Amino acid sequence: MTSGDVKTGVDLSRQKARIFADKWATVTNEKQFAQSFWSDFFHQVIGVEDLLATGVDFEFPIKNVATGTTNFIDVLWGGVVLIEHKSAGKSLDGAEVQARQYMVSLSPHLRPPVLIVSDFANIRIIDVLLGTSVQFPLTGLPKHLDHLDSIFKVYGSKATAQEIDADIKAVNLMANLYVEFEKNGYEGHAASVFMVRILFLNFGDDTRMWKKGLFADFLAESAESGAGLGGSIQELFQILNTHKEERPQNLPASISAFPYVNGGLFKEVIPVFSFNAEMRTALIASSSYDWSKISPAIFGAMFQTIKSKENRRALGEHYTSQQNILKVIRPLFLDEYLEQLRKVWDDRAGLKKLRKDLGTKNYLDPAAGSGNFLLVAYKRLRDIEHKIIARLIELEGKVTTGHDGEELQVGLDGLGTIGLTVSLEQFHAIEFEQWSSQIASVAMYLAEHQANQELDELTGAAPTIFPLSHAATIRQGNALRIDWADVCPMNNDTIIMGNPPFYGSSWLSADQKDDQALVWGKTKSAGILDYVASWYLVAARQMEGTTARAAFVSTSSISQGQQPPVIWGALKQLGMGIDFAHRTFAWNNDGGKNAAVHCVIICFSANGKPSLRSLWSYPSLKAEPVLVRVKNINSYLLDATDALITSRSNPLQGGTQKMTNGNKPVDGGLLSNISVEEAQEIEATDPIAAKYLRRVVGSAELIGGSLRYGLWLKDADPSDLLASPVLKDRIAKVREMRLASTKLDTQKSATRAWEWQQALRQPTTEYLAVPRVSSQEREYVPMAVMPANVVPNDKLLYIPNATSETFGIMMSSVFNIWNRAISGRLKSDYSLSAEVTYNNFPFPDLSNEATMKKVQSAADAVLVAREQFPTSSLAVLYNRNAMPLALRNAHNALDKAVLNAYGLKANATDAGVLELLFGMYADLTQGLLAPEKKTKRRGASPTEDLNSYVLNH
């Protein structure tokens, strides 16, 4: 949650605050109070879910400008509030003086408008901007909650808005520059390289890479017409790529002061651009902005935006959300380091060991884009190392220990001598787009420079960045065709993470289909997989035999429907299991518009089975996550047994009524989509065609109650087809439409153009109509009994002559819990299928007559309740906000009866229901879904063994 999303339900929060204050009234440990109190307060009372993403930091290291010593701010929310605590009985005045010293010692963009000081018993809130303060005892927190609430509501949202505004301005400036280049015919690779270099120079101008404003001054000396500027810039590029001792002696002062950059950034020779006045003006405008405020994490989104004509009207609205990146990297590795830091805070040896450990891991993003995952991970790890360095200085004085164990004086010899353990060399990436891979390389350099500046402010010493002698490994290429081990070491210390491309199986290009085929080989049903699934299998093969871990953001469909059995049939053969997961949520970006993509996060490894695993669920797509510790996470991201539910043509249990797919027309609507008005006209003008009119129902008609008609001509009298003008005309048009199709089956069906393409048969009895697609906002999938003369189309499933007990179980919460877990998705709606959802559903044993009658009676009561509202559609009756009380009560009784049939209590949780259903499924399939691991035959490849397993199961 960002600071602008802070919850402000004051009445509820005051009640929480009262309980909260009572809980902490007896605490006397200063460190525990400063950290745990405010951490719990932000979470429990104010409602800030993710402190790291919001920017709240504990034990924030700072060099006190008043004393020259390194100190730690107890709690800092940059730009919002600084909190400082003193021991019980100490003067709050002294605490306020220290807090004000810390405030002025901070970088300007971090300085908060509000200070809070406390001595355990009392809290003082100082509004620096207004010059006011208020003080009250801790027990008075509920009464004064509005003071705190206003801080986080007003200043928190303002700080976030300022950051976004700064990002948008930066994007606009670079967009304007690119547009001017584009107007003059400069696009493509050379223009892209030029833009990246200008960004580097603008950033360097404002972040002390060289004398401040050096590049801006260089541009200002050029002619207003722009004449000669392109050649001057090209000369500057060459100088930046040349050692100082190798440069010409007669260089103008405007460029001789620039350092040798190295790192390949300025190595490529690009054409000289001929500038005009407008291009020069746009370039100078970009250089005049303060780039020190901008995080390198936005660079990729910035350039993807400015290069796309379609996206320029939404400038600044496509930045990757750091909050979502943290959802991946925090449980993957960051939280473990933070917890270790907390444990060894007062232990010098422990701090030194932890610092050394920070440099042992290798991080790989095999779908890196512009490198945002690596950037955020690098920045967070550097933050931890900075805290360790500052704490060691505090514990040891000016002396700390270097890599090699030598005692070194930080203030005199500098950290360049000591060396940092977190380095760019730990970070590795593969990216398909050359443009994005270039941005990732530059952004990592700039992130390192920013981190070095922060260290310099903290200690007075930091490594120098130039010449660029080390770098992250960024490989441009296709990650599904590159050996990852050639890019990053693959061992127990490897961490894989990222956000692979979001493409469903039906949206793949020819090249992407070839990628899938290369990765999955002859694996059965691999053709239904989303593109991201290939990253899972490649990662699993790379990690096999190690304790490496991988975590990917993925389209939610890989945990639904038919994909989990294919993916995890392969991964489990390689020994992989799920360590933690986020269930379906809306993946969003920072900025005004958010991408409407429904995602999951899955971490997997061969680490074995921890006793408890972290599973985050979302009450709604945009809600804050709720964490539950569970014993197991299966491939459907449920706390249930590891069953892989495959498609089957018949119901799992004998005696279960069969479900049938509706009829597929493929007729351009000529036979299957006739309006009420058209049907009336046919009845009035063509009595032969009128004989064949039938009501047609699909998901939309069943739920929404709209009327649609069709011509059902299967087994029609051939003479009628020729005698009826309506039938003759429509059949001819259907034939023409089918012959024009590129699909062979459709072309073949042109020989029987009077029939729907897949015309199974008109039901001869009434049937239970089941919509294929239903909104996730409904608690139940609306189903209804339809008469035999209504034709079900392919958007409908149906059970002929369904019994009351079948209807009751299908309309119960038990079946709907199963549907939500097992069915695929169409966007966010449930896409129910006969082959996966229904045929695999474990029905309860209804052999006990009393139990069956209870279900039948409750099912009949639901139909009776519906009949009380004859003018309301199923869409209205099953709307959460409009469901009549009579229908609600009938469903509650039905749920109770069905749960009882399963041996469950009426208050059974969804998790408890799923645990039972998955257990029943496993029993009914007699354990066939958990085969013994086969021993590899000598010479067999992992791919051969994998294909053999999946093909045979």
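Residues numbered from 1 in each chain as written. Predicted model: local features only at pLDDT ≥ 70, side-chain atom pairs only at ≥ 80, totals over all residues. Heavy atoms only, no water.

Engineer: Give me the lowdown on the overall build of the protein, citing residues and values where you can.
Structural biologist: Each helix and strand counted, the protein has 34 helices and 29 strands in total. Each of the 953 residues in the protein was classed as buried or not, and the buried ones make up 54%. Taking as baseline every contact in the protein between residues at least 6 positions apart, the subset at least 24 positions apart corresponds to 71%. Carbon and sulfur atoms form 50% of the exposed surface of the protein, whose accessible area is close to 40600 Å². (Helix = DSSP H or I, 4+ residues; strand = E, 2+ residues; numbered from the N terminus. Buried < 20%, exposed > 50% of the residue type's maximum accessible area, 1.4 Å probe, protein only. Contact = heavy atoms within 4.5 Å. Areas by Shrake-Rupley, 256 points an atom, 1.4 Å probe, with all protein chains shown as cover.)

Engineer: If you had to explain the pattern of salt bridges to someone new, which residues and values would you point to?
Structural biologist: Opposite charge on two side chains makes pairing possible when the charged atoms of those side chains draw close. For the coordinates displayed, the defined rule picks out 27 salt bridges. Note that aspartate 383 and lysine 379 form a salt bridge whose closest N and O atoms lie 2.9 Å from each other. Taken as a pair, aspartate 383 and lysine 379 lie in helix α14 (residues 372–396) at a separation of 4 residues, close to a single helical turn. A network of salt bridges, in which partner residues are shared, links Asp93, Glu96, Arg100 and Arg124. (Salt bridge = Lys/Arg side-chain N within 4 Å of Asp/Glu carboxyl O.)

Engineer: Got a sec to walk through the pairing of strand β3 (residues 81–85)? Specific residues and values, please.
Structural biologist: For β3, the tally of buried residues reaches 5 of 5 residues, placing the bulk of the element in the interior. Here β3 shows two buried faces, one formed by Val81, Ile83 and His85 and the other by Leu82 and Glu84. Of the strand pairs in this sheet, strand β2 (residues 70–77) and β3 are connected by 3 bridges, and their pairing is antiparallel. Considered in β3, the bridge of tryptophan 77 is made with valine 81. Counting the residues in the hairpin turn of β2 and β3 gives 3 residues, including glycine 79, whose phi is positive at 80°. (Pairing = 2+ DSSP bridges.)

Engineer: Give me the sheet that holds strand β26 (residues 790–792): which residues, what numbers.
Structural biologist: The strands making up a sheet are joined through hydrogen bonds of the backbone, oriented either antiparallel or parallel. Here we have 3 strands laid out as an open sheet, ordered β22-β21-β26, and mixed in their pairing. Edge positions in the open sheet fall to β22 (709–711) and β26, since each of these has one partner strand only. Going across the sheet, the axis of each strand differs from the next one's by a mean of 50°, ignoring polarity. With 3 bridges connecting them, strand β21 (residues 693–697) and β26 associate as parallel partners. Paired with arginine 695 across the strands is valine 790, a residue of β26. (Axes fitted to C-alpha atoms, helices over the stretch in contact; angles between N-to-C directions.)

Engineer: Residue-level account of the packing of helix α28 (residues 813–822) against helix α33 (residues 910–924), with values.
Structural biologist: One way to put it is that α28 packs onto α33 with a least axis distance of 10 Å and a crossing angle of 80°. Looking at the two axes, α28 sits roughly perpendicular to α33. Here Val814, Ile817, Trp818, Arg820, Ala821 and Ile822 of α28 lie close against α33, whose contacting residues are Asp910, Val913, Leu914, Leu917 and Phe918. Residues that form the contact of α28 with α33 fall into these classes: 9 nonpolar, no polar and 2 charged. (Parallel < 35°, antiparallel > 145°, perpendicular 65-115°, else oblique. Nonpolar A, V, L, I, M, F, W, Y, C, P; charged D, E, K, R; others polar.)

Engineer: An account of the packing of helix α6 (residues 188–206) against helix α17 (residues 434–459) is needed here, citing residue identities and associated values.
Structural biologist: Between α6 and α17, the shortest axis-to-axis distance is 11 Å and the interhelical angle comes to 10°. Between α6 and α17, the interaxial angle falls into the category roughly parallel. Between α6 and α17, the contacting residues are His189, Ser192, Val193, Met195, Val196, Phe200 and Phe203 on the first element and Gln434, Trp435, Gln438, Ile439, Val442, Leu446 and Gln450 on the second. Among the residues making up the contact of α6 with α17, the classes are represented as 9 nonpolar, 5 polar and no charged.

Engineer: Before we move on, can you summarise the sheet that holds strand β12 (residues 473–476) with the specific residues and values?
Structural biologist: Taken in spatial order, the 9 strands make up an open sheet running β12-β11-β8-β13-β14-β17-β15-β18-β19, and their pairing is mixed. Two strands lie at the open edges of the sheet, namely β12 and β19 (626–630), each paired on one side alone. Each strand axis lies, on average, 15° off the axis of its neighbour in the sheet, ignoring direction. As defined by bridge partners, strand β8 (residues 362–365) adjoins strand β11 (residues 427–431) across 3 bridges and the pair is classed as parallel. Pairing of leucine 364 across the sheet is with histidine 428, part of β11. Seen against the sheet, helix α19 (residues 533–543) touches β13 (494–498), β14 (549–555) and β17 (597–605) and runs at an angle of roughly 175° to β14.

Engineer: Can you explain the packing of aromatic side chains? Please cite residues and give values.
Structural biologist: One pass over the full model with this rule turns up 35 aromatic pairs. Relative to tryptophan 291, the ring of tyrosine 289 has its centre 5.9 Å away and its plane inclined at 80°; by these criteria the two rings are edge-to-face. The class for tyrosine 289 is buried, based on a relative accessible area of 15%. Its relative accessible area of 0% is what places tryptophan 291 among the buried residues. Site record: aromatic cluster; members linked through ring pairs are Phe181, Tyr186, Phe194, Phe200, Trp210, Phe237, Phe258, Phe266, Phe273 and Phe275. Sitting over the face of the ring of phenylalanine 585, lysine 327 holds its NZ or CZ atom 4.2 Å from the ring centroid. (Phe/Tyr/Trp six-rings, centres within 6.5 Å; stacked < 30°, edge-to-face > 60°. Lys NZ or Arg CZ within 6 Å of the ring centre and 35° of its normal.)

Engineer: With reference to specific residues and values, describe the environment of glutamate 385.
Structural biologist: Relative to the assigned elements, glutamate 385 resides in helix α14. For the pair glutamate 385 and lysine 352, spaced 33 residues apart in sequence, the C-alpha to C-alpha distance is 9.8 Å. Residues in contact with glutamate 385, not counting those within four places in the same chain, are Arg355, Leu358, Leu420, Thr421 and Val422. A polar contact of 2.9 Å, which involves the side chain of glutamate 385, links it to the backbone nitrogen of threonine 421. (Polar contact = N/O pair within 3.5 Å; in protein donor to acceptor, adjacent residues only side chain to side chain.)

Engineer: Can you tell me about the environment of leucine 518, naming the residues and giving the values?
Structural biologist: Counting through the fold element by element, leucine 518 comes out in helix α18 (residues 510–520). Sequence-wise, leucine 518 and serine 534 are 16 residues apart; in three dimensions their C-alpha atoms are separated by 9.4 Å. If we ignore the near neighbours within four places in the chain, the residues touching leucine 518 are Leu480 and Arg481.

Engineer: Tell me what's going on with unusual backbone geometry, and back it up with residues and numbers.
Structural biologist: Leaving glycine aside, a negative phi is the common case for residues, and trans is the common case for peptide bonds. Even without glycine at this site, glutamate 59 takes up a positive phi of about 55°. Along the chain, the position of glutamate 59 falls in strand β1 (residues 56–63). Its identity as a non-glycine residue notwithstanding, aspartate 715 has a phi of 65°, on the positive side. Checked against the element boundaries, aspartate 715 lands in the loop between β22 and α24 (718–723).

Engineer: So what's going on with the pairing of β21? Residues and values would help.
Structural biologist: In the sheet, β21 pairs with β22 via 3 bridges, with the strands oriented antiparallel. Bridge assignment links arginine 694 to a residue of β22, and that residue is glycine 710.

Engineer: Break down the nonpolar core for me, citing the residues and quoting the values.
Structural biologist: Soluble globular proteins tend to bury their nonpolar side chains together. With 62 residues, the main nonpolar core has Met659, Met810, Phe841, Tyr878 and Phe918 as its most contacted residues. The leading source of residues in this core is helix α32 (residues 885–901), at 7 residues. Ala390, Val422, Met444 and Trp587 belong to the second-largest nonpolar core, a separate cluster that totals 57 residues. (Core = buried A, V, L, I, M, F, W, Y, C linked by side-chain atoms within 4.5 Å.)

From the geometry alone we can't say anything about function, so treat these as descriptive.
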